[in-house]
Amino acid sequence: MEFDVVIVGGGPSGLSAAIRLRQLAIEAGEDLTVCVLEKGSEIGAHILSGAVIEPRSLNELIPDWKDKGAPLNTPAGEDRFLFLTETKAYQLPTPPQMNNHGNYIVSLGNVCRWLAEQAQALEVEIYPGFAAAEVLYHEDGSVKGVATGDMGRTADGEEGPNFAPGMELHARQTLFAEGVRGSLTKTLFQRFNLRDGVDPQVFGLGIKELWEVEPSRHRRGSITHTTGWPMDMKTYGGSWLYHLEDNLVSVGFVVGLDYQNPYLSPFEEMQRFKTHPEIRKVFEGGRRLAYGARAISAGGYQSIPKLTFPGGLLIGDCAGFLNVPKIKGTHTAMKSGMTAAEAVFAALKGGAPAGQEVRGYAEKLRQTWLWDELYRVRNIKPSFHWGLPAAMAYSALDTYVFRGKAPWTLRHRPDHEQLKPAAECTPIDYPKPDGKLSFDRLSSVFLSNTNHEEDQPCHLTLKDANTPVALNLGRYAGPEQRYCPAGVYEFVQEGGSSRLQINAQNCVHCKTCDIKDPSQNINWVTPEGGGGPNYPNM
Amino acid sequence: MKILVAVKRAIDYNVKARPKSDGTGVDLANVKMSMNPFDEIAVEEALRIQEAGGATETIAISIGPKQCQETLRTAMAMGVDRGILVETEVETQPLAVAKLIAAVVKQEQPELVILGKQAIDDDSNQTGQMLAALLGWPQGTFAAKVTVADGRAKVAREIDGGIQTVDLRMPAVVTADLRLNEPRYVKLPNIMKAKKKPLDTLTPEQLGVDVTPRLTLVKVAEPPARKGGVKVPDVATLVDKLRNEAKVI
């Protein structure tokens, strides 16, 4: 099938790009076909975010969003930044980047559902339930488009009775908007050497729950962030608590994936975080409605790869535009999509051929507020290598004295190389879940509405089948059974020896395994379209 | 011969249904909705009959709010020729649905109506039976196999303890059970084609049917949480507990 533009991924960046492209085409009276592929069963199904969003990009894209019913219902109210010890909470001054005046607490999934409606009204063709599984190339090496995955293959790779082969989608330009650690983006990095000369991308894992709390404990618009406990001083991590409408509270915990102790379990850190005396009082008597997890690109400015290549470009978090101290990336993801759309539209005007490299996108992006914003905060995240107290002192210096213009740039180190051998680390004794405030993995994954067709090839592929037991279990005590927030990886004992069991059906598509596996032996590929979580209101 | 298939927009089978906190219903705000899985089986069966030369046209009908158009488009992407939406904001109950379908049957004159045996949201399992009664047609419910030939439909029914085969004179009503078939995957080009297939919208008023609910929903609540089990040391304790504690033997 032929389109002018194919966009891989229906998140904030992909949908913003689609909308901007069609707006420009309609303004200019040009015929321009735009198709969005989404691996989730519907738009929003795989979207998980805090989220307090800054409406700057939305104001630029759809100035009358309020009249059009955008689900930005809760203006940000009181802001608190707490440092936790095991039993106490100390209020810290809110850093200027975390001032949320004028921002909104939203469900980003619902914002995406709304953006998709706006896109469809502009005749963008959106196809949820279809995963782009492969990048297609012209003979000259430029990107030709993508192919969707086969449906109905059995676990051993044979064609099942309902087999439906994947489809090729060809485009003059293909926009990759896969989100953090995109599986096709990964192949593009290699093929076009897009990461040459930039820092490695670094990541966090965000685990989120949505709660309905007692009305007396709900303060609509209230925003709390915490640092400190249950993380130790060396490990990057913190939480958010956002009070939305209808007695809903979004709570999440982020752990930097550069953590060193292989015994650390981000899931259990999140669970015990909720039992802190200052935090538990929000949730007591409430009920948990939803659960999910997603990796976060935290490298910022120095980790942005080359963004364009012949036939296509990268937008949103598969490139990585999160502003770490602001803890916001939606406005930057949208801005990158809109900027790309403008450059692509200019390049495709008047029937220009397929396969060209739209360099104008990267040049244009450097002129926008996004570039300046990310440049100013570039040194905050890497300073956390020095531990929390030093990082907080440095961040204050960098922000208040240098105002983001320090004459140096701190560097990142790849997350997967940071684990220490288990023998050098202390196991962590996590408390048992109480079933009221804290829970186990399986009852949590249950609330993510995750499903994959059972009889299909495993989408968590291993480059080498012996590595999990020989290296991961032997040297690192099997970290995948702890970092996976969905209980996908299990080491089971069989006849005196261990074996890695992969419960791929539980996978919530967070991509942590693909990032943190010490020898990069796990390669996450797209399962059948429509599989994965079905997040409501996340 | 025409086949009419009824498709309901229901909460997706992957979603954990959750009662609203005030107990007035299931919380459906921003929850994924899709075609009732038993209706998908009904659509697949209609298409298989049509593809085998047993029908000239398949029509899908859905009843409910505007969003049911998506459900009809899915049916058309699977291969159904056209769709009819009876648009209403009222939460229709089985009798009203059966009356609406009966009214459309009178307009469209199909020889066969296939429905899912029940919808996974309210589990009523009534519409097909009520429809057959309203039309005065024979019915083959819980179908595990359907063979259409010479104006008759042979329906193998899943019943307690086995399979019962009934031989129906058409026109007839059939309701699909789980094992009737495995629905096909929707293909991307067919979704595009489905956007251009005809979709008519009717209202209950146009069909002369009163859809006012007759049943009152008292309360929706979660089932009580399962209590943890205990391990017993031996068979004697088990028997004792079953007899004296659980009082089941």
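Residues numbered from 1 in each chain as written. Chains lettered and ligands numbered in written order. Predicted model: local features only at pLDDT ≥ 70, side-chain atom pairs only at ≥ 80, totals over all residues. Heavy atoms only, no water.

Things to note about the overall build of chain B
Link 1 in the chain: When helices and strands are tallied, chain B shows 6 helices and 11 strands.
Link 2 in the chain: A fraction of 70% describes how many contacts in chain B between residues 6 or more apart in sequence connect residues 24 or more apart.
Link 3 in the chain: Per element, the accessible surface of chain B, about 13100 Å² overall, is 52% carbon and sulfur.
Link 4 in the chain: Treating the 34 positive side-chain charges of chain B as one cloud and the 32 negative ones as another, the clouds have centres 2 Å apart. (Helix = DSSP H or I, 4+ residues; strand = E, 2+ residues; numbered from the N terminus. Contact = heavy atoms within 4.5 Å. Areas by Shrake-Rupley, 256 points an atom, 1.4 Å probe, with all protein chains shown as cover. Lys, Arg positive; Asp, Glu negative; His and termini not counted. Charge placed at Lys NZ, Arg CZ, Asp CG, Glu CD.)

Quick look at the overall build of chain A
Link 1 in the chain: A tally of regular secondary structure across chain A gives 14 helices and 24 strands.
Link 2 in the chain: Relative to the compact-globule value of 24 Å for 538 residues, chain A shows a C-alpha radius of gyration of 22 Å, a close match.
Link 3 in the chain: Looking at chain A as a whole, 64% of its 538 residues are labelled buried.
Link 4 in the chain: Intrachain contacts of chain A at a sequence separation of at least 6 include 78% that bridge at least 24 residues.
Link 5 in the chain: When the accessible surface of chain A is split by element, carbon and sulfur atoms take 50% of a total near 20100 Å².
Link 6 in the chain: Charge separation in chain A, taken as the distance between the mean sites of 53 positive and 62 negative side-chain charges, equals 8 Å. (Rg over C-alpha atoms; globule rule 2.2 N^0.38 Å. Buried < 20%, exposed > 50% of the residue type's maximum accessible area, 1.4 Å probe, protein only.)

So, the confidence of the model for chain B
Link 1 in the chain: Taken as a whole, chain B shows an average pLDDT of 95; of its residues, 100% reach a score of 70 or greater.
Link 2 in the chain: The ipTM value of the predicted complex is 0.88, and its pTM value is 0.94. (pLDDT = per-residue confidence, 0-100.)

Examining the packing of aromatic side chains
Residue and element names in this part refer to chain A.
Link 1 in the chain: Under the definition given, this model contains 14 aromatic pairs over all chains.
Link 2 in the chain: Ring centres of F176 and F309 lie 6.1 Å apart, and the angle between their planes is 45°; this geometry places the pair in the tilted category. Separated by 133 residues along the polypeptide, F176 in strand β13 (residues 168–176) and F309 in strand β19 (residues 308–309) bring together distant segments of the chain.
Link 3 in the chain: For F176, a relative accessible area of 0% corresponds to the buried category. (Phe/Tyr/Trp six-rings, centres within 6.5 Å; stacked < 30°, edge-to-face > 60°.)

Describing the pattern of salt bridges
Link 1 in the chain: Taken as a whole, this structure holds 41 salt bridges over all chains when the rule is applied.
Link 2 in the chain: Taken together, the salt bridges that share partners define one network made up of K2, E57, R82 and E108 of chain B. (Salt bridge = Lys/Arg side-chain N within 4 Å of Asp/Glu carboxyl O.)

Some thoughts on the interface of chain A and chain B
Link 1 in the chain: Contact residues are listed per partner, giving 29 residues for chain A and 24 residues for chain B.
Link 2 in the chain: Of all residues in chain A, the largest losses of buried area upon contact with chain B belong to Y127, N162 and R287 of chain A, amounting jointly to 24% of the total for that side.
Link 3 in the chain: Where chain A meets chain B, there are 9 residue pairs in polar contact (both at pLDDT 80 or more).
Link 4 in the chain: Elements that contribute at least two residues to the side of chain A that touches chain B include exactly α3 (108–121), β8 (125–128), β11 (151–153), β12 (159–164) and β18 (287–297) of chain A.
Link 5 in the chain: A class-by-class count of the residues in the side of chain A that touches chain B yields 13 nonpolar, 9 polar and 7 charged. (Buried area = accessible area lost by both parts, 1.4 Å probe. Polar contact = N/O pair within 3.5 Å; in protein donor to acceptor, adjacent residues only side chain to side chain. Nonpolar A, V, L, I, M, F, W, Y, C, P; charged D, E, K, R; others polar.)

Considering the sheet that holds strand β5 (residues 82–87) of chain B
Residue and element names in this part refer to chain B.
Link 1 in the chain: Pairing within the open sheet is mixed, and its 9 strands lie in the order β9-β8-β7-β10-β6-β1-β4-β5-β11. Of all the strands in the sheet, the pair left with one neighbour each is β9 (162–169) and β11 (199–202). For this sheet the average axis-to-axis angle between neighbouring strands, irrespective of direction, equals 30°.
Link 2 in the chain: Examined bridge by bridge, strand β7 (residues 139–149) and strand β10 (residues 172–176) share 3 bridges and lie parallel to one another. Opposite G140, over in β10, you have V174 as the bridge partner. (Pairing = 2+ DSSP bridges. Axes fitted to C-alpha atoms, helices over the stretch in contact; angles between N-to-C directions.)

Examining the sheet that holds strand β4 (residues 74–75) of chain A
All names here are of chain A.
Link 1 in the chain: Spatial strand order, β3-β7-β4: 3 strands in an open sheet with antiparallel pairing. Of all strands in the sheet, those bounded by a partner on one side alone are β3 (52–53) and β4.
Link 2 in the chain: As judged from the 2 bridges shared by β3 and strand β7 (residues 104–105), these two strands associate in the antiparallel manner. What sits directly across from V52, in β7, is I105.

Here's the deal with the nonpolar core
Inside soluble globular proteins, nonpolar side chains tend to come together where they are buried.
Residue and element names in this part refer to chain A.
Link 1 in the chain: I7, F176 and L314 are the most contacted members of the largest nonpolar core, which totals 80 residues.
Link 2 in the chain: What L314 contacts, discounting residues up to four positions off in sequence, is F176, T185, L188, F189, L194, P305, K306, L307, F309, A319 and Y361.
Link 3 in the chain: Membership of the second largest hydrophobic core comes to 65 residues, among which are L205, V255, Y259 and Y483. (Core = buried A, V, L, I, M, F, W, Y, C linked by side-chain atoms within 4.5 Å.)

Quick word on the domain arrangement of chain A
Residue and element names in this part refer to chain A.
Link 1 in the chain: As assigned here, chain A comprises domain 1 (2–66 + 109–200 + 300–376), domain 2 (74–106 + 202–297) and domain 3 (381–413).
Link 2 in the chain: On a C-alpha basis, the centroid separation for the pair domain 2 and domain 3 is 23 Å.
Link 3 in the chain: Each partner contributes to the interface: domain 2 provides 12 residues, whereas domain 3 provides 11 residues.
Link 4 in the chain: Interface area for domain 2 against domain 3, summed over the two sides, is near 950 Å², with a carbon-plus-sulfur share of 68%.
Link 5 in the chain: Broken down residue by residue, the surface that domain 2 buries against domain 3 is led by V202, M233 and Y236, which jointly contribute 51%.
Link 6 in the chain: Between domain 2 and domain 3 we count 1 salt bridge in total.
Link 7 in the chain: The closest approach of N and O atoms between K381 and D258, which form a salt bridge, is 3.9 Å.
Link 8 in the chain: Where domain 2 touches domain 3, the interface holds 2 residue pairs in polar contact (both at pLDDT 80 or more). (Domains from an automatic or database assignment.)

Topic: helix α10 (residues 388–401) of chain A
Two residues of an α-helix separated by three or four positions point the same way, owing to the 3.6 residues in each turn.
Residues and elements named next belong to chain A.
Link 1 in the chain: Relative to the 20 Å expected for 14 residues at 1.5 Å per residue, α10 spans 19 Å between its end C-alpha atoms, a close match to the ideal helical length.
Link 2 in the chain: Residues of α10 that are buried: L388, A391, Y394, S395, D398 and T399. Down the axis of α10, the buried set is contained in an arc of 125°. They therefore lie on one face. Turned more than 90 degrees away from the buried face of α10 sit P389 and V401, all of them exposed.
Link 3 in the chain: The inward-facing, buried residues of α10 contact β5 (79–84), β15 (223–228) and α9 (369–376).
Link 4 in the chain: The first or second residue beyond α10 is R403, which carries a positive phi of 50°. (Expected span 1.5 Å × (residues − 1). Arc of directions from axis to C-beta.)

Quick look at the packing of helix α3 (residues 94–108) of chain B against helix α4 (residues 127–135) of chain B
All names here are of chain B.
Link 1 in the chain: Axis separation between α3 and α4 bottoms out at 8 Å; the angle between their running directions is 50°. Considering their axes alone, α3 and α4 lie oblique with respect to each other. Between α3 and α4 lies a crossing of right-handed hand. Contacts between α3 and α4 involve P94, L95, V97, A98, K99, I101, A102 and V105 from the first element and T127, M130, L131, L134 and L135 from the second.
Link 2 in the chain: The residue inventory of the contact of α3 with α4, partitioned by class, reads 11 nonpolar, 1 polar and 1 charged. (Parallel < 35°, antiparallel > 145°, perpendicular 65-115°, else oblique. Left-handed = near helix turned anticlockwise from the far one by under 90°.)

So, the pairing of strand β8 (residues 152–159) of chain B
All names here are of chain B.
Link 1 in the chain: Taken together, the 6 bridges between β7 and β8 define a ladder with antiparallel strand orientation. If you follow V148 over to β8, its bridge partner there is A153.
Link 2 in the chain: Between β7 and β8, which pair antiparallel one after the other, the connecting turn spans 2 residues, and D150 there sits at a positive phi close to 50°.
Link 3 in the chain: Hairpin connection of β8 to β9: 2 residues between the antiparallel strands, including G161 at a positive phi of 85°.

So, the packing of helix α7 (residues 330–348) of chain A against α9 of chain A
Residue and element names in this part refer to chain A.
Link 1 in the chain: For the pair α7 and α9, the least separation of the axes is 10 Å and the interaxial angle reads 140°. Comparing the axis directions of α7 and α9 gives the class oblique. As for the relative orientation of α7 and α9, their crossing is left-handed in sense. Here H331, T332, K335 and S336 of α7 lie close against α9, whose contacting residues are W369, L370 and E373.
Link 2 in the chain: A per-class count over the contact of α7 with α9 returns 2 nonpolar, 3 polar and 2 charged.

Notes on unusual backbone geometry
Link 1 in the chain: Across the junction of G50 of chain A and A51 of chain A, the peptide omega takes the value -5°, indicating a cis bond.
Link 2 in the chain: Turning to its location among the elements, A51 of chain A is positioned in the loop between β2 (34–38) and β3.
Link 3 in the chain: A cis amide bond links M170 of chain B to the next residue, P171 of chain B, at an omega of 5°.
Link 4 in the chain: For P171 of chain B, the position within the fold is in the loop between β9 and β10.
Link 5 in the chain: The backbone of N193 of chain A shows a phi angle near 50°, a positive value even though the residue is not glycine.
Link 6 in the chain: Locating N193 of chain A in the fold gives a position in the loop between α4 (183–191) and β14 (203–212).
Link 7 in the chain: For N193 of chain A, a relative accessible area of 44% corresponds to the partly exposed category.

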